[in-house]
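Tertiary structure, described
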Amino acid sequence: MSSTRAGSNRFLRLLHYARRYLPAAIIAVIMAAGVGLFDAFRVLLVGPIFDNVLHPGGIPHKKISLIPSEFGHFHLHLTLQQLVPSGLHNDWNMVAYALVISTLLKGICSYAGTYLASYAGFGTITDLRDDLYEIILRRSVSFFQKHTTGTLLSALVTDIERVQLAMSTVLSGFLQQFFTLVAMTALVIVLGGELAWILVIFIPLVFISMRRIGRGVRKSTRKGQDKLAEIQNILHETITGNRIVKAFNMESWELVRFRAAARRLLSANMRTVSTQSVSSPLMDLIGAVAIALLLKLGHIAINHHQMKPGQFMALIVALFKLYDPVRRFAVYYNNFQQAVGSSQAIFDFIDDEEHVVEKPDAVALTQFHDSIVLDHVGFHYSDEEGVKEALQDVDLTIRRGEVIALVGPSGAGKSTLVSLIPRFFDVTSGRVLIDGHDLRDVTLASLRHQIATVTQETILFNDTVRNNIAYGQPDVNHERILEAAKAALAHNFIEQMPDGYNTVIGEKGFRLSGGERQRLAIARAILKNAPILILDEATSALDAESESLVQTALANLMQDRTSIVIAHRLSTVRRADRIAVIEAGRITAIGSHEELLLTSPTYQKLYKLQFMNIEPTKVPDLPVSEAAE
Ligand code: ADP
C-alpha cells in the first residue's frame, strides 16, 4: 500500500516537472481526442459503404444515416448530408469525400498529437536530466564516495531513458489509444444497442487475462533488466580492467562468464516474449467467440429489420478496433511501472542529504594573507559500514609563505587532512580557520578560488592542451598560458606535439608520459595563481630526467605560495620549512628534516624505507628552487 503511494508520489513529481509543457500537453490531449473521434467516424462510414455504395439496390439521393436515431434510448441522428458540401450529394461522392477528409484530419491530429505529446515528454525529461546533473555535479565529495560511477551513470542514462520512454512515446500512444477506446466503446454502444450488452460478459474475462499477462511481463522484464545489468557490470570490469585480464590470461574465463550472463539474458527475454505473445492470440480468441455470438444475434436483428447489414459490419469493425487499445494498455502499464520504478533512483539522488552546505549568510573570503589554522580538528568517515576515525585532535598552524610537508605511513590521514582545507569534507570536531574565518562561514567559491591542487592522478579532459591548462579560466589570453607552460617546463614538449597548444589530449587523445601529464597539471596550477597550494606528490618514481623537470616545475609553482605537500620525495621534505609526521590520525612530531631525524623514530623509519628508495639517483640542485629558498 505504502509503496503504491510512494509510486504515485513519484509520478506526481514527474508530472510536476512537466508543468512548463502544460499547453503542449493540453493540445496533445485535444489532438488525441480528435484521433479517436475521426477514427470512430471512419468506422461509421462502413455502414454507408455496405448499405449505399456497394449495395446493388442502393437508392441514390436518399439521406445516408450514420447513426440510427431509432436505436435504443439514443435519439442521435447523423447523416452524411449534414456533413458533406451540397455539391457532392451522390452516394459515392459523399462517402469518398467523407472518408478522405476524415482520414486526413485524423492524420493531422495524430501527427500533431504525437509531436506535441513527445515534445512535452522529451522536454520534461531534458529538464529533469539537467536538474539531476546539476545536483550531482554540485554534490560534496562524500556523495561521490558513497555512490559508484556506475550507479550515477546508470541514473543519468538508463533510468532517465526509461522514464523518457514512458513520458514521450508511451504517453502519446496511451493518449491516442485511450481516446480510441472511448470512441469505439461509444460506437459499440450506439451501433449495437441491446446487442452491445452481450459484450459486457467478456469484460471481466479480458480484464483478468490482461492483468495476469501484465504481471507476468513485468516480472520477467525486471529479471531481464537485472541480467542486463549483470552484463554491463562484466563489460565495465573487463574493459576498464583489460590489462589485468590480459596479465592474468583470463580472457577465456571472462568469455565464459560473459556468455553465461548473455544466455541468462536471452532466456529472461524469451520468457518475456512467451508471456507477452500469449496476449494477442488470446484476445483474438475472446474476440472471435464474441463475434461469433454477435453474428448469431446480428443475423436475427437483420432479419427482423432492426439493423442494416452495413451497420452490423460497422459494429464488428468497431469491436475489432477496441482490441488494439486494450491489448496495448498492458504494455503501457508495464512501461509506466518501470518508469516510476526508475524515477525512484533519480529522486533518491535528488533527495540525498547534502553534507557540505554553504550558509545563506556566508561571506566571501578575501585574498589569503595570514594563516591556515587547524584547531583541535577531528574527522571521521561514516558510511553504511559504520564510522571510521581518520583524524583526532590535530592542531596545526600554517603561516603564509610556509612549505609544510606531511609525511607518515599509508592510511595515517594525510589525504584526509588536506581535503579538509578546500572543504571537500567538514570537520566532525574542532575547526579549520583561514585568516581567522571558520571555513563553514565563507562561500565555497571564494574558498576554492584561493587554493590550487596538484594531485597524484592528473585529470586531463578530452580537450586541447590550451584548454586543459586554462581549465576554469576560458578567457585567459594566450601569453599567460605560454608563461605558465614555460614555468612548468611543459612548453617544449607541447611545441613538439602535432598541433602544439591545439593538440587534443585526454582519455582518447594524445598519449602523454607520466612526467608530461604532471607538468601540465603544474602549468594549470601556475595559471590559476592561487595563494594556497595543495600538493599530493606522486608515489611512483619517474626516470631521473623527468623527475628533475617535475621538481623544477614544482619549485616554480611553489614559489611565493603557501604549500601543503603530501611528500614522498627527499628533495621535497628538504625543501619544506616544517615537516609534520602523521600517524594514526594524529600529528606525532613536527620540525625540520634534521630535527626530526634526531627526535622522531617514525620519521627515521620513513626516511630509511621510503625516501631513500623512491629518490632518483641524483637530484640536481636547481637554481629556481634555490632562489625560492
Ligand atoms: P593517507 O593519505 O595518509 O594514506 P587517508 O587520509 O587516505 O590516509 O586515510 C586515513 C584513514 O581513513 C584510513 O584508515 C582510510 O582507510 C580511511 N578512509 C579514507 N577515505 C575513506 C572513506 N572515503 N571512507 C571511509 N574511510 C576512509
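Placed above this text is the structure.
Residues numbered from 1 in each chain as written. Predicted model: local features only at pLDDT ≥ 70, side-chain atom pairs only at ≥ 80, totals over all residues. Heavy atoms only, no water.

Looking now at the sheet that holds strand β6 (residues 429-434). Spatially, four strands are ordered β4-β3-β6-β7 in an open sheet, and the strand pairing comes out antiparallel. The open sheet terminates on both sides in strands that have one partner only, identified here as β4 (386-399) and β7 (437-438). Relative to β4, strand β3 (residues 371-383) is paired through ten bridges, and the arrangement is antiparallel. Residue pairing for β4: leucine 374 is matched across the bridge by leucine 396. (Pairing = 2+ DSSP bridges. Helix = DSSP H or I, 4+ residues; strand = E, 2+ residues; numbered from the N terminus.)

Around the ligand sit Gln145, Tyr381, Lys388, Ala390, Pro409, Ser410, Gly411, Ala412, Gly413, Lys414, Ser415 and Thr416, and those are all the residues in its vicinity. Within the contact set of the ligand, an oxygen atom lies 2.7 Å away from a backbone nitrogen or oxygen of glycine 411. Here an oxygen atom of the ligand sits 2.9 Å away from a polar atom, N or O, in the main chain of lysine 414. For the ligand, the protein covers 70% of the area, taking 560 Å² as the surface of the free molecule. Those elements that provide at least two residues to the shell around the ligand are β4 and α12 (414-420). Tallying contributions element by element places α12 first for the shell around the ligand, with three residues. Along the lines of polarity and charge, the residues of the shell around the ligand split into four nonpolar, six polar and two charged. (Near = heavy atom within 4 Å. Polar contact = N/O pair within 3.5 Å; in protein donor to acceptor, adjacent residues only side chain to side chain. Areas by Shrake-Rupley, 256 points an atom, 1.4 Å probe, with all protein chains shown as cover. Nonpolar A, V, L, I, M, F, W, Y, C, P; charged D, E, K, R; others polar.)

On the surface, Trp197, Val200, Ile203, Phe207 and Ile208 cluster together into a nonpolar patch covering about 570 Å² of accessible area. Only α7 (194-200) and α8 (202-240) provide two or more residues apiece to the nonpolar patch. Tallying contributions element by element places α8 first for the nonpolar patch, with three residues. Along the chain, phenylalanine 207 falls in helix α8. (Patch = residues over 30% accessible without salt bridge, like charges linked within 9 Å, V, L, I, M, F, W, Y side chains within 5 Å. Salt bridge = Lys/Arg side-chain N within 4 Å of Asp/Glu carboxyl O.)

What follows deals with the pairing of strand β9 (residues 532-536). Of all the five residues making up β9, five are buried; the element is thus mostly covered by neighbouring parts of the structure. Of the two faces of β9, both are covered, the one formed by Ile532, Ile534 and Asp536 as well as the one formed by Leu533 and Leu535. Examined bridge by bridge, strand β8 (residues 451-454) and β9 share four bridges and lie parallel to one another. Residue threonine 453 lies in a different strand from β9, and its bridge partner there is isoleucine 534. Direction of pairing for β9 relative to strand β10 (residues 562-566): parallel, over a ladder of five bridges. Residue pairing in the sheet places aspartate 536 in a bridge with isoleucine 566 of β10. (Buried < 20%, exposed > 50% of the residue type's maximum accessible area, 1.4 Å probe, protein only.)

A separate point is the pattern of salt bridges. Per the counting criterion, the structure on display carries 16 salt bridges. The residue arginine 138 makes a salt bridge to glutamate 134 at a minimum N-O spacing of 3.0 Å. Where aspartate 441 meets lysine 359, a salt bridge forms, and the shortest distance between an N and an O atom there is 2.5 Å. Taken together, the positions of aspartate 441 in the loop between β7 and α13 (444-449) and lysine 359 in the loop between α11 (309-351) and β3 put the pair 82 residues apart, joining distant regions of the chain. Residue lysine 359 is classed as partly exposed on the basis of its relative accessible area of 38%. Where salt bridges share partners, they join Asp39, Arg42, Lys106 and Lys321 into one cluster.

A few words now on the sheet that holds β10. Read from one edge of the open sheet, six strands run β8-β9-β10-β5-β11-β12, paired in mixed fashion. Since the sheet does not close on itself, it has two edges, and those belong to β8 and β12 (586-591), each with one partner. Here the strands of the sheet are splayed against their neighbours by 20° on average, with no regard to which way each runs. Sheet topology places strand β5 (residues 403-407) next to strand β11 (residues 578-583); four bridges connect them, and they run parallel. Note on β11: the bridge partner recorded for isoleucine 404 is arginine 578. Across the sheet, helix α18 (residues 544-558) touches β5, β8, β9 and β10, and the angle it forms with β9 is around 155°. (Axes fitted to C-alpha atoms, helices over the stretch in contact; angles between N-to-C directions. Contact = heavy atoms within 4.5 Å.)

It is worth spelling out helix α15 (residues 478-487) at this point. Within α15 the residues assigned to the buried category are Ile481, Leu482, Ala484 and Ala485. Take α15 and look down its axis: the buried residues cluster within an arc of 165°, on one side only. Across α15 from its buried face, at more than 90 degrees, point the exposed residues Glu479 and Glu483. Looking one or two residues past α15, leucine 489 carries a phi angle of roughly 55°, positive in sign. (Arc of directions from axis to C-beta.)

Further remarks concern unusual backbone geometry. The backbone of asparagine 529 sits at a positive phi, close to 50°, despite the residue not being glycine. Counting through the fold element by element, asparagine 529 comes out in the loop between α17 (514-528) and β9. For alanine 584, which is not glycine, the phi torsion reads 45° and is therefore positive. Along the chain, the position of alanine 584 falls in the loop between β11 and β12.

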